[in-house]
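Per-entry structural report
Residue-level listing of the chains:
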Amino acid sequence: MVTIGMLYDRKHPDTVKKAYAYAAAAKMEGVGFYYFSFGNVDFLTKTIVGYKYEDGGWVNDTFLFPDVIYNAGSATTDMQVEIERKLRELIPFTSHSIGNQLNVYHRIKAGEEFSQYLIPTKTLSSVETVTEMFKKEKELIINPISGRKSEDAIFVEKCEDMYRLLVRRKEIRLREEQFSQYIVDLMMINSWIVQPYIRSITNDGYPYDLRLHVQKNAEGKWIITCIYPRITVNDVVSNISKGGYTNLFEDFLKMEFHDQYYNMKRYLEHFALSFAAHFDSLYEEPLDELGIDVGVDQNNKAWIYEVNWRPGTPPTFSLELDVAKHTVLYASYIARKANEVN
């Protein structure tokens, strides 16, 4: 029987909400499963002190090294980085980092096949980066290279001799000199990219994007877990946690695209799977799960906003177990392939 070890930086699975879903999915699929953190790995005996879910609760026990590791969280300290490095030399991992937004942008651009869906992007290196882009564009978005796009994005609109900014849902108006100083200050606290603002707007005038959540299945092939819209009513960037909302994918398309909804559905589904396969091919290590965020402009063209390698569970529709099931099945696939090689 294949055994999966779920690696996270928190010591006890009670503090990790999704741990139970993965334990349940593993049991349904007849797969061994336990949870562990970085500090409980013994490389001499090749054992790990962790937790298994049994009789309605988590039970502490000592386990042999698993066949595959589902790395649900990232190493943050030097010690954790070293432990993860050693584990990767011995055991296959399910997940691999794709890099920050700028790295992802350049990789897709170099891959060419999907470069037409990229929003033109420049690194914010000077005030002129912004002023030059305003010669072609009326509205811009300034995003952190690393961080939470939906929380930290800055919308900028040029209005004659003023600049109108939306920062964390607050409006700021700056004159030329003030704006220049604002950009200088901005560059001192973080690294940023500048892009034209894509008007992905509902018929009611609300900004939205679509999360295309894809995973690999028991055969190592990409499948769609779900697609759902994220609509905001008080910002320019969609963010469910900050007052936005979602809807069923097909219902949303019917409301927004009417008799063209089915064509748009097929277009987005094809985009999700074909992009995932192409994007996967751009990396040396195989990817397992992606959250592809896209906007749709007034010409019904999709634009890639962001690609996430740990997209998390969809916020509604009770899909937590579906996500966990696909991860468990793909992890089992990895374990089998590794055993075939050995």
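Our structure is the block above this text.
Residues numbered from 1 in each chain as written. Predicted model: local features only at pLDDT ≥ 70, side-chain atom pairs only at ≥ 80, totals over all residues. Heavy atoms only, no water.

**Some details on the overall build of the protein**
Defined as follows: Strands here mean DSSP runs of E at least two residues long; helices mean DSSP runs of H or I at least four residues long; both are numbered from the N terminus. When we talk radius of gyration, it's over C-alpha atoms, and the globule rule is simply 2.2 Å times the number of residues to the 0.38. Burial classes follow relative accessibility: with a 1.4 Å probe on protein chains only, a residue under 20% of its type's maximum area counts as buried, one over 50% as exposed, and anything between as partly exposed. What makes two residues a contact is simply this: any of their non-hydrogen atoms within 4.5 Å. The charged-residue count follows a simple rule in which Lys and Arg add positive charge and Asp and Glu add negative charge, with His and chain termini not counted at all. To locate a charge, take atom NZ for lysine, CZ for arginine, CG for aspartate or CD for glutamate.
What the protein contains, in helices and strands, is 9 helices and 17 strands. Radius of gyration (C-alpha) of the protein: 22 Å, near the 20 Å computed for a compact globule of 342 residues. Dimensions of the protein, computed from the C-alpha atoms along their principal axes, are close to 70 × 50 × 40 Å. A total of 342 residues make up the protein; the buried ones form 50% of that total. Here the analysis covers contacts within the protein between residues at least 6 apart in sequence; of these, 62% occur between residues at least 24 apart. Between the averaged position of the 39 positive side-chain charges in the protein and that of its 47 negative side-chain charges there is a distance of 0 Å.

**A look at the sheet that holds strand β10 (residues 162-167)**
Test applied: The criterion for strand pairing is that DSSP finds at least two bridges linking the strands in question. Helix axes are fitted only over the stretch in contact, all axes being lines through C-alpha atoms; the angle between N-to-C directions runs from 0 to 180 degrees.
Strands sit in the order β7-β12-β8-β9-β10-β11 across an open sheet of 6 strands; the sheet is antiparallel. Of all strands in the sheet, those bounded by a partner on one side alone are β7 (122-123) and β11 (170-175). Across 2 bridges, β7 lies against strand β12 (residues 192-196) in antiparallel orientation. Bridge assignment links K122 to a residue of β12, and that residue is V194. Along the sheet, helix α6 (residues 176-189) makes contact with β8 (139-144), β9 (154-159), β10, β11 and β12, crossing β11 at roughly 120°.

**With respect to the sheet that holds strand β14 (residues 222-231)**
Spatial strand order, β15-β14-β13-β16-β17: 5 strands in an open sheet with antiparallel pairing. Looking at strand neighbours, the two that pair on one side only are β15 (245-246) and β17 (302-308), the edges of this open sheet.

Keep in mind that these numbers describe shape and distance, not what the molecule does.
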